[in-house]
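Commentary on secondary and tertiary structure
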Amino acid sequence: MTAYLGVETSLTGRRWVGPGTERERQAEALAQATRLPLALCSVLAHRQVPPDEAAGFLAPSLRALLPDPRLLRDMETAAARLLSALKSREKIAVFGDYDVDGGASSALLLCWLRAMGHDATLYIPDRIDEGYGPNEPAMEALARDHGLIVCVDCGTLSHGPVAAAKGADVVILDHHLGGETLPEALAVVNPNRQDESGDLGHLCAAGVVFLLLVEANRQLRDDGVKGPDLMGYLDLVALATVADVAPLIGVNRAFVRQGLKVMAQRGRPGLVALSDVGRIDQAPTPYHLGFVLGPRVNAGGRIGAADLGARLLSTDNAFEAQKIAAQLDQLNDDRRAIEQAVREEALAQAEFRGLDGPLVWAAAEGWHPGVIGIVAARLKEATNRPAVVIALDGDEGKGSGRSVAGVDLGASIQRLALEGLLVKGGGHRMAAGLTVTRDRLESAMERLGELLAKQGAGQGGAGDLRLDGLLMPGAATVGMVETLEQAGPFGQGAPAPRFAFPSMAILDARQIGTGHLKLRFGDPAGASLEAIAFGAYDGPLGAALARRTPGLWHLAGKVEINSWGGRNRVQLRLDDAAPA
């Protein structure tokens, strides 16, 4: 296929790929059949949406897309046990993971139980002292004082810790890949169990918990009791879905679309306080969930008190919410500084090892375990390869990995654990965690590279930049962007449309903030548009465009609405550029 606009190697080293002839024909046919704008139909064609499903796709409803919770194994048992604990006033403990999905999942249960008149115990393990998931001492202690322990976003591989919870029933609500055997829990509700169809494998843990609450409300209704209104809980499900990088397909689209509407009503004290410290002054978007709110919720589990995120999301006290939000905001600032230092060291080490293989990895003593996941994500983004970053401490190291589309990292990590190269490991397609002994580190990473190569990892360079078509500044109106947003929400598995602006003159370019590139560009007709590229001023984009050398440029990125100052304007989120 010929490079789009002839761009074989852009400023960021990528080849531009545009829509093929067949997709253009499909978009035109969609436009004729539906009378929708061609730009929107191009996105629908990319998603392979047929004409008769276009209306439903553009207005995803929970009523139409929500699956029957009973499609998941053990769901009825789990809901019935939760209700029996409520009825008999047993003490209930919620054991959650320390990330956004774990915090939101815990908050869903805590809020629902509170609405039913029951205060549960929250337990979030310390990332450094206890590590991920249930551990035997914690489960033993909880079992002494609680009749029911509900593990959320963890537990599927925790055979020993579940067995240690003697005297208590354990219910697991998870989405991480299951092993050949399951823990001896009363119920393991997980769409990624090996005996499940996988049809709901795109759900994050909060989505699984939400389905449990739907089933619990149904069982209550069968007994003549009205359960809490679950629509008000969708803000938590939306946050977890985006922050956990779950694919925005199927019911996840409805979760996020409806959850953003709930969040905009500012009814949850924790999210209101966090939005305020994050300076969100407009209706929330998936970007805000993934890049403003999510990192702050995560900051507690990364470098602070592990339970701060879950406490923030579950509190109904505005003063407590403001106090925790301020703590998380400060911790997030601290996290950035720690992350930068680790990222620079990890990238240098990975470059020395080589960036052309199927796996990019780095390991060192003294790296903070709370930031290695973010650093792995940065390495993955920079190299278009699965990346693993490991913090060594004595004879062992704890690692975190992030994958690229089409490569199942979690399954490969789990395979390593079964082969005895890891102490433990698991996760899902796009993210995984592991523990490895120092003496097996090199052999484990070599074997992981082999497994990932079999899935196609490491083929190509920094990756193609896929574009949805051409756009001119005069056509990039607020109305046009709002029309495109009907095909959202955009995120993992549903990328926002990206356009090329051909042969543009750079009218102004400068640095704003800390290393951000701001520019204004225009076409021969006199129409112009502003663009921003975050963190790009000191990179190849800033080096070329900020000099404003004579000549025209092809610019590529996503169009969005900037509401700064209370005025809506279109801007380009610049991803790449190439000489025209």
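This text gives an overview of the structure that appears in the document. (Residues numbered from 1 in each chain as written. Predicted model: local features only at pLDDT ≥ 70, side-chain atom pairs only at ≥ 80, totals over all residues. Heavy atoms only, no water.)

Some words on the packing of aromatic side chains
Let me state the cut-off plainly: Pairing of aromatic rings covers Phe, Tyr and Trp, the last counted by its six-membered ring, and requires centre-to-centre distances within 6.5 Å; plane angles under 30 degrees mean stacked, over 60 mean edge-to-face, and any other angle means tilted. Runs of H or I in DSSP of at least four residues are treated as helices and runs of E of at least two as strands, each being numbered from the N terminus. Exposure classes here rest on a 1.4 Å probe applied to the protein chains alone. A residue is buried below 20% of its type maximum, exposed above 50%, and partly exposed in between. Only when the NZ of Lys or the CZ of Arg is both within 6 Å of the ring centre and within 35 degrees of the ring normal is a charge said to sit over the ring.
Under the criterion given, the structure shown has four aromatic pairs. Look at F210 and F255: their rings are 5.5 Å apart centre to centre, the planes differ by 75 degrees, and that puts the pair in the edge-to-face class. Of this pair, F210 sits in helix α9 (residues 205-222) while F255 sits in helix α11 (residues 251-264), placing them 45 residues apart in sequence. Taking the centre distance of 5.2 Å and the plane angle of 25 degrees together, the rings of Y287 and F291 count as stacked. One end of the pair is Y287 and the other is F291, both in helix α13 (residues 286-303) and four residues apart, which spans about a single turn. Residue Y287 is classed as partly exposed on the basis of its relative accessible area, which comes to 34%. Lying over the aromatic face of W361, R353 brings its terminal NZ or CZ to 3.6 Å of the ring centre. The lysine or arginine in question, R573, covers the ring of Y287, its NZ or CZ lying 4.9 Å from the ring centre.

Notes on helix α2 (residues 38-46)
Residues that lie three or four places apart on an α-helix share one face, since the helix turns once every 3.6 residues. Note the threshold: The contact rule is simple, with two residues in contact once any of their heavy atoms fall within 4.5 Å.
Those residues of α2 lying buried are L40, C41, S42, V43, L44 and A45. The elements touched by buried residues of α2 are α1 (21-34), α3 (54-58) and α19 (478-484). Phi turns positive one or two residues past the end of α2, at Q48, with a value near 60 degrees.

Observations concerning the pattern of salt bridges
Using the following cut-off: Salt bridges are defined as contacts in which a side-chain nitrogen from Lys or Arg sits within 4 Å of a carboxyl oxygen from Asp or Glu.
Taken as a whole, this structure holds 33 salt bridges when the rule is applied. Across the salt bridge formed by E90 and R81, the nearest N and O atoms sit 2.9 Å from each other. D575 serves as the salt-bridge partner of K558, at 3.3 Å between the closest nitrogen and oxygen. Of the two residues, K558 sits in strand β17 (residues 553-562) while D575 sits in strand β18 (residues 569-579), which places them 17 residues apart along the sequence.

Considerations on the side chain of S403
Defined as follows: Definition of a polar contact: a pair of N or O atoms within 3.5 Å, with one able to donate and the other able to accept a hydrogen when the atoms are protein atoms, and with sequence-neighbouring residues admitted only if both atoms are side-chain atoms.
Summarising the element assignment, S403 is placed in the loop between β9 (396-402) and α17 (409-418). For S403, a relative accessible area of 1% corresponds to the buried category. At 2.7 Å, the side chain of S403 forms a polar contact with the backbone oxygen of V407. Discounting residues that sit within four places of it in the chain, S403 has contacts with K380, P386, L409, R429 and M430.

Quick notes on helix α5 (residues 75-87)
Heads up, the rule is: Multiplying 1.5 Å by the residue count of a helix minus one yields the expected span of that helix.
Between its terminal C-alpha atoms α5 stretches 18 Å, which fits the 18 Å expected from 13 residues at 1.5 Å a residue. Along α5, the residues classified as buried are M75, A78, A79, R81, L82, L83, A85 and L86. Those residues of α5 hidden inside the fold are in contact with β2 (92-96), α6 (100-115), β4 (148-152), β5 (169-173), β6 (187-189) and α9. R89, located one to two residues past α5, shows a positive phi value of around 60 degrees.

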